[in-house]
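Coordinate inspection notes
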Amino acid sequence: MKAMVLEALCSLKENQMPLKLMELPVPVPGEKEILLKVSACGVCHTELDEIEGRTPPPRLPIVPGHQVVGRVEAVGSRVNAVKTGDRVGVAWIFSACGECKFCLAGNENLCPAFTATGRDANGGYAQYMTVAENFAYAIPDVFSDVQAAPLLCAGAIGYRSLRLTGLKDGQRLGLTGFGASAHLVLKMVRHCYPSSEIYVFARSAEERSFAIELGAVWAGDTAERAPHKLDSIIDTTPAWEPVVAALANLESGGRLVINAIRKEGDKRSLLDLDYPLHLWQEKELKSVANITRNDVKEFLELAAKMNLQPEVQVFALEQANKALIELKTGRIRGAKVLKMD
Ligand SMILES: [Zn+2]
Ligand SMILES: [Zn+2]
């Protein structure tokens, strides 16, 4: 099978071709696993963190990709619920132990043994992949393969972030960063909290006008002050400066949710933190870590009910490097998806 493979970590500034097109054997499913013929795989910012070593794969080479849609080609001998021909999706959660205090409390995203698709196990930048049957999800019929792909991370983690804000209808929400996940959160908020106003902070003018097109009441640069204080803000940027700026925009008692697996360089921005301006008045800060299977299932149900169609840009599997570089350099409108032939 064809696969785009990461063989060595690198800086994307120095190497614009981090993944190599390779011919690999089709994987064989274990007894509780299914073999998927991949039809689409979303491109996520986390792939940049893997390639550049901020959340490095524990072993190389690895096939990245954790927003996978495909059809079941074969099943292991102890697979019960999934059949050959079913259309299913795979998300970031590849496995969790099922026995620790976090798993037992429904927080399998915090499991110390959590493994991630496309980082700890081969993912969907390939024509085939294997996964345990109980870590695959039926895809609602209203979505095409390509549109379903970004729902599996950008959408589902956006859903988790939104839930963690505790937003109530009528409260003002800020989104700092406006990529694949934020644009889906905006659509979700308009559906679930119709009286809430959405304020968007983004570094590029294209992203700002895209946000207004989708229904944001205001869009400004990352460091700007919004015309109102905001009850909660979701940060999806890779940097620290927007975090500090967001804290200044937060209402008293408000909460900032950081939806990022890792932050990049600009730690010096944190020296701008001014306790009375940014933190006092009972402001809260919470990060989002990984995702649970319930998040994915609940979100797919909601997405189908509201017919949440992501804006997608389609690339061929062989163009994965191009998609990653565009993501790195901020050329973003909606979500990028690899489509297998
Ligand atoms: Zn992701
Ligand atoms: Zn566990």
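Preceding this paragraph is the structure being described.
So, here's what we can say about the structure.

Section: the coordination of the zinc ion (ligand 1)
Coordination of the zinc ion (ligand 1) by the protein is provided by Cys 44 (SG), His 66 (NE2) and Cys 153 (SG), with metal-donor distances spanning 2.0 to 2.2 Å. Read from N- to C-terminus, the donor residues coordinating the zinc ion (ligand 1) fall into the pattern C-x21-H-x86-C. Of this pair, Cys 44 sits in the loop between strand E3 (33-43) and helix H1 (45-51) while Cys 153 sits in the loop between helix H3 (145-148) and helix H4 (154-165); the two residues are 109 residues apart in sequence, bridging distant segments of the chain. Per residue, the accessibility class of Cys 44 equals that of Cys 153, and both read buried.

Some details on the pairing of strand E10 (residues 173-176)
Of the two faces of E10, both are covered, the one formed by Leu 173 and Leu 175 as well as the one formed by Gly 174 and Thr 176. Here E10 pairs with strand E11 (residues 198-201) via four bridges, running parallel. In the sheet register, Thr 176 faces E11, and the bridge partner there is Phe 201. As a crossover connection, the stretch from E10 through helix H5 (residues 180-192) into E11 is right-handed. Pairing of E10 with strand E13 (residues 230-235) involves four bridges; the strand directions are parallel. Bridge pairing in E13 places Leu 173 opposite Ser 232.

Comments concerning the coordination of the zinc ion (ligand 2)
The zinc ion (ligand 2) binds to the protein through Cys 97 (SG), Cys 100 (SG), Cys 103 (SG) and Cys 111 (SG), with metal-donor distances spanning 2.3 to 2.4 Å. Because the angles between the four donor atoms bound to the zinc ion (ligand 2) fall within 106 to 116 degrees, the donor set is best described as tetrahedral. According to the relative accessible area criterion, Cys 97 is partly exposed, its value standing at 34%.

Cut-offs applied
Residues numbered from 1 in each chain as written. Chains lettered and ligands numbered in written order. Predicted model: local features only at pLDDT ≥ 70, side-chain atom pairs only at ≥ 80, totals over all residues. Heavy atoms only, no water. Donors = N, O, S within 2.8 Å, 3.2 Å for Na, K, Ca; no water. Helix = DSSP H or I, 4+ residues; strand = E, 2+ residues; numbered from the N terminus. Buried < 20%, exposed > 50% of the residue type's maximum accessible area, 1.4 Å probe, protein only. Pairing = 2+ DSSP bridges. Right-handed = clockwise from strand over helix to strand, strands pointing away. Tetrahedral: all angles 85-135°; square planar, octahedral: opposite > 155°, others 65-115°.

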